[in-house]
Amino acid sequence: MIHPTALVAPEARLGRNVSVGPFTIIHPNVEIGDDSEIGAHCEIGHPTARAEGRPLVIGAGALIRSYSLFYQGSSFGERLVTGHRVTVREGVRAGENLQIGTLSDIQGTCAIGNHVRFHSNVHIGQHATVGNYVWIFPYVVLTNDPHPPSDVMLGATVEDFAAVATMSVILPGVTVGRGALVGAHSSVNRDVAADMVVAGSPAKVVCRTEEIKLRDGSGRPAYPWRRHFSRGYPDAAVKAWLEEFGAGSRNPTSEGKQP
Amino acid sequence: MIHPTALVAPEARLGRNVSVGPFTIIHPNVEIGDDSEIGAHCEIGHPTARAEGRPLVIGAGALIRSYSLFYQGSSFGERLVTGHRVTVREGVRAGENLQIGTLSDIQGTCAIGNHVRFHSNVHIGQHATVGNYVWIFPYVVLTNDPHPPSDVMLGATVEDFAAVATMSVILPGVTVGRGALVGAHSSVNRDVAADMVVAGSPAKVVCRTEEIKLRDGSGRPAYPWRRHFSRGYPDAAVKAWLEEFGAGSRNPTSEGKQP
Amino acid sequence: MIHPTALVAPEARLGRNVSVGPFTIIHPNVEIGDDSEIGAHCEIGHPTARAEGRPLVIGAGALIRSYSLFYQGSSFGERLVTGHRVTVREGVRAGENLQIGTLSDIQGTCAIGNHVRFHSNVHIGQHATVGNYVWIFPYVVLTNDPHPPSDVMLGATVEDFAAVATMSVILPGVTVGRGALVGAHSSVNRDVAADMVVAGSPAKVVCRTEEIKLRDGSGRPAYPWRRHFSRGYPDAAVKAWLEEFGAGSRNPTSEGKQP
């Protein structure tokens with residue numbers, strides 16, 4: 001399961017049934033849970049003086065795709081899934097079932113909840129706080145410096161169930177509230193209240209999320225999205241959503257969505 | 001021509017005069033045409049259950065630069081050229097002479113015509129339809145989900161000869177018409193008519209493309225761009241454009257342009 | 001110091017105390033100064049016909065992180081530092097102490113001064129001119145084609161001490177003046193005067209930089225930023241700034257800032 005060209009430090013603690021692809025480097029200060037797969041051309045546990053002595057801990061059932069790079073000094077719950085070429089610095093503390101899309105750049109020193117989805121090419125600045133069941137779409141940047149360059153750092157916050165659409169910037173210290181939606185190509189310079197839609201540059205309030213209709217011909221509201229969308233979430237959560245919202249449909253077939 | 005460190009599956013079908021760089025992986029389900037060059041650190045034919053049994057087919061005369069990654073289950077016509085670090089998922093059906101710039105991310109399940117140019121860091125969402133002779137510039141995203149996250153997918157369309165400038169987003173289901181121009185840093189939420197210029201966020205009509213003058217001192221119109229620009233296109237096409245528009249100049253020297 | 005899996009051309013001229021990581025390729029036409037470190041999975045001195053015979057010259061004390069790619073035909077002063085996965089084409093002429101962040105794409109044929117900071121995922125188009133002590137933040141693009149595609153190239157210019165915040169586009173031929181600030185998510189289509197703040201799409205003048213207050217409770221002005229920020233700059237420069245502005249604080253602790 002360890003490809004003969006891989007360079008795996010003998011001190012690295014790999015669980016049972018862990019596979020490592022060709023040309024991948026695993027540094028000593030790494031702990032990877034059972035039943036995990038590390039693709040080709042990865043570098044896992046890149047050393048940094050800023051996290052000296054702190055391991056990289058990756059929970060069981062992980063899938064890390066090719067060319068991905070993780071520094072030492074972060075921890076991830078079970079079932080981490082990454083795309084290709086993700087870069088993850090030290091000091092990340094993430095829950096279970098995180099997905100990090102291709103080319104995403106997690107700058108480190110941030111807190112990420114459970115069941116979070118970062119699509120491709122997402123940039124998470126330091127001191128960000130990301131809740132549970134959050135969606136962040138391509139080319140979104142969570143910033144932290146209110147007057148760059150400076151030594152003041154005000155991380156951005158995205159609360160549970162919120163979604164930030166493509167090519168939007170969350171400015172330093174801003175909170176996107178629970179269940180809110182930031183439209184594509186927006187610049188968000190003030191807090192967004194729960195369940196509100198904002199859009200524009202600078203972003204302005206558009207409407208309540210429940211006013212957006214699902215474009216599937218049903219006339220149902222598109223938000224809260226957990227009324228109709230449950231792909232990849234744990235059964236217990238989906239069951240609770242069904243009970244909360246009634247007969248939400250489960251369409252397990254869509255892939256590669258990206259707003 | 002196969003570097004001794006490359007890992008080439010014996011089942012892969014490589015044409016005559018195909019070279020493979022160091023540390024590159026070629027999986028079994030791959031077919032590469034004659035006279036092609038695969039750079040270093042690539043991964044070609046990455047397996048995925050979603051495209052099981054379907055090969056990656058790359059036409060003759062391809063140049064795939066280092067760190068590039070292609071999944072199985074796509075097909076490309078002759079003379080494909082890529083920059084470095086491109087990521088191409090399954091289900092792409094592309095014509096000849098496609099260029100995909102460095103860091104671009106083609107999410108798969110999309111149709112791309114002939115002689116298309118994707119500059120660096122372009123993101124093509126699933127279900128996109130891209131015509132012939134299209135230009136897409138850096139940090140442009142073609143989206144597909146009208147109310148993310150959901151299972152509804154409305155791909156974007158960019159028709160023949162259209163150009164989408166840097167850092168613009170094409171929203172789900174939107175069509176950019178033949179020969180149209182989307183200005184830089186725009187968010188396009190409705191269809192763009194043929195030969196029109198739109199810009200802004202949300203994008204508004206600016207003028208007809210023919211009203212933009214070429215900034216080369218000649219006073220000629222800048223569009224249709226095939227009046228004056230022909231670098232890299234086939235002789236037959238260029239000859240037809242000359243006949244259509246008269247004495248269009250051919251300046252073969254410029255490189256690395258990027259709007 | 002040369003990892004046994006690295007492929008280092010015997011013609012490459014490496015100084016004393018140069019280390020080279022696993023799976024890294026160093027081509028013949030390369031000159032690297034003393035006390036430099038090249039990470040894993042890099043490709044240094046990629047050949048190109050456009051720079052035939054011209055070497056890649058990297059000054060002493062360089063740190064080039066993993067997956068980075070440099071073409072032949074550029075030169076860098078001492079103490080170059082890169083993040084991961086940077087791509088640097090031929091024809092770059094850069095001063096000392098340049099920092100190029102992860103995923104940045106320097107398209108070549110451009111001039112870069114001393115002590116410049118490119119944060120992650122910066123795109124520098126050809127014919128750009130970047131002064132000294134400049135800051136460019138993530139997802140910023142410096143463009144060059146006023147009516148794409150064409151053969152006209154008007155590079156962008158960013159003068160000394162200026163800062164361009166996240167997700168902004170500098171349009172072709174535009175100059176961002178000395179000490180100016182471009183706010184996040186802006187599209188800059190005309191020159192920005194020295195020490196002015198612009199923001200928006202298209203960008204408009206907001207105020208003078210000195211009117212922005214530092215959000216550290218001190219009430220001090222945030223600009224010129226060298227009043228309060230000096231991390232990583234040479235002692236002589238910092239001393240001069242202290243004399244120019246009085247008791248500027250030096251906070252050496254912040255890391256990973258990103259606006």
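Keep in mind that what you see is a predicted model, and the values were worked out from it rather than measured. (Residues numbered from 1 in each chain as written. Chains lettered and ligands numbered in written order. Predicted model: local features only at pLDDT ≥ 70, side-chain atom pairs only at ≥ 80, totals over all residues.)

1. Concerning the overall build of chain A
Then, in step 1: Summing up its helical and strand segments, chain A has 1 helix and 30 strands in all.
Then, in step 2: Across its three principal directions, the C-alpha atoms of chain A cover 55 × 45 × 25 Å.
Then, in step 3: For chain A, buried positions account for 61% of its 259 residues.
Then, in step 4: For chain A, the proportion of contacts with a sequence separation of at least 24, taken over those separated by at least 6, is 23%. (Helix = DSSP H or I, 4+ residues; strand = E, 2+ residues; numbered from the N terminus. Buried ≥ 20, exposed ≤ 12 C-beta atoms within 10 Å, placed from the backbone. Contact = placed C-beta atoms within 7 Å.)

2. Considerations on the interface of chain B and chain A
Then, in step 1: If you look at the interface, chain B gives 35 residues, while chain A gives 37 residues.
Then, in step 2: Broken down by class, the residue content of the side of chain B that touches chain A amounts to 16 nonpolar, 14 polar and 5 charged. (Nonpolar A, V, L, I, M, F, W, Y, C, P; charged D, E, K, R; others polar.)

3. A few points about the relation of the copies chain B and chain A
For the pair of chain copies, the relating operation is a rotation around an axis with a shift along it.
Then, in step 1: In screw terms, the move from chain B to chain A is a rotation of 120° and a rise of 0.0 Å along the axis, fitting with an RMSD of 0.0 Å. When the rotation and shift are considered jointly, the pair of chain copies conforms to a three-fold rotation axis.
Then, in step 2: Different-surface contact between copies: only 20% of interface residues of chain B are shared with the interface of chain A. (Least-squares fit on C-alpha atoms with pLDDT ≥ 70 in both.)

4. Here's the deal with the relation of the copies chain A and chain C
Then, in step 1: Each copy superposes on the other: chain A lies on chain C with an RMSD of 0.0 Å after a rotation of 120° and an axial shift of 0.0 Å.
Then, in step 2: Looking at the interface residues of chain A, only 20% of them are also at the interface in chain C, so each copy uses its own face.

5. Details of the sheet that holds strand β28 (residues 187–188) of chain B
Residue and element names in this part refer to chain B.
Then, in step 1: Reading across the sheet, the 10 strands line up as β1-β4-β7-β10-β13-β16-β19-β22-β25-β28 and stay open at both edges, with parallel pairing between neighbours. Pairing within the sheet leaves two strands with one partner each, and these edge strands are β1 (7–8) and β28.
Then, in step 2: As judged from the 3 bridges shared by strand β7 (residues 43–46) and strand β10 (residues 69–71), these two strands associate in the parallel manner. Among the inter-strand pairings, Ile-44 is bridged to a residue of β10, identified as Phe-70. (Pairing = 2+ DSSP bridges.)

6. Examining the sheet that holds strand β13 (residues 87–88) of chain C
Residue and element names in this part refer to chain C.
Then, in step 1: Strand order in the open sheet formed by 10 strands is β1-β4-β7-β10-β13-β16-β19-β22-β25-β28, with parallel pairing between adjacent strands. Each edge of the sheet is formed by a strand with only one pairing partner; in this case those strands are β1 (7–8) and β28 (187–188).
Then, in step 2: Examined bridge by bridge, β1 and strand β4 (residues 25–26) share 2 bridges and lie parallel to one another. Directly across from Leu-7, in β4, lies its bridge partner Ile-25.

7. Re the environment of C:Pro4
Then, in step 1: Tracing the backbone shows C:Pro4 in the segment before β1.
Then, in step 2: Through-space distance from the C-alpha of C:Pro4 to that of C:Val20 is 9.3 Å; in sequence the pair is 16 residues apart.

8. So, the environment of B:Arg220
Residue and element names in this part refer to chain B.
Then, in step 1: Locating Arg-220 in the fold gives a position in the loop between β30 (203–208) and α1 (235–245).
Then, in step 2: Taking the C-alpha atoms as reference points, Arg-220 and Glu-210, separated by 10 residues in sequence, lie 9.3 Å from one another.
Then, in step 3: Apart from residues lying up to four places away in sequence, Arg-220 is in contact with Leu-214, Arg-227 and His-228.

9. Regarding the interface of chain A and chain C
Then, in step 1: If you look at the interface, chain A gives 35 residues, while chain C gives 37 residues.
Then, in step 2: Looking at the side of chain A that touches chain C, its residues break down into 16 nonpolar, 14 polar and 5 charged.

10. Some words on helix α1 (residues 235–245) of chain A
Then, in step 1: With 1 of 11 residues buried, α1(A) is to be regarded as a mostly surface element.
Then, in step 2: Positive backbone phi, approximately 85°, marks A:Gly246, located one or two places after α1(A).

11. Description of the environment of C:Ile2
Residues and elements named next belong to chain C.
Then, in step 1: Among the structural elements, Ile-2 can be located in the segment before β1.
Then, in step 2: Between the alpha carbons of Ile-2 and Asn-17 there is a distance of 9.9 Å; along the sequence they are 15 residues apart.
Then, in step 3: Leaving out residues up to four positions away in the same chain, Ile-2 has contacts with Val-8 and Val-20.

12. Some words on the pairing of strand β30 (residues 203–208) of chain A
Residues in a regular strand point their side chains to alternate faces of the sheet.
Residue and element names in this part refer to chain A.
Then, in step 1: Pairing analysis gives 5 bridges linking strand β29 (residues 196–200) to β30, with the strands arranged antiparallel. The partner of Val-198 across the bridge, within β30, is Val-205.
Then, in step 2: Remark: 2 residues form the turn of the hairpin made by β29 and β30, two consecutive strands paired antiparallel.

13. Thoughts on the confidence of the model for chain A
All names here are of chain A.
Then, in step 1: Chain-level pLDDT for chain A is 95 on average; 95% of the residues reach the 70-or-more range.
Then, in step 2: Note that pLDDT drops below 50 for residues 248–255; the model gives that stretch 12 contacts with residues more than four away or on any other chain.
Then, in step 3: Confidence metrics for the complex model read pTM 0.96 and ipTM 0.94. (pLDDT = per-residue confidence, 0-100.)

14. Some points on unusual backbone geometry
Then, in step 1: Residue C:Pro202 is reached from C:Ser201 by a cis peptide bond, and omega for that bond is 5°.
Then, in step 2: Following C:Tyr223, the chain continues into C:Pro224 via a peptide bond in cis, with omega recorded as -10°.
Then, in step 3: Examined against the element boundaries, C:Pro224 turns out to sit in the loop between β30 (203–208) and α1 (235–245).
Then, in step 4: With a phi close to 60°, A:Asp195 is a non-glycine residue in the positive phi region.
Then, in step 5: Structurally, A:Asp195 is set in the loop between β28 (187–188) and β29.
Then, in step 6: With a phi angle near 65°, B:Phe23 is a residue other than glycine that sits in the positive phi range.

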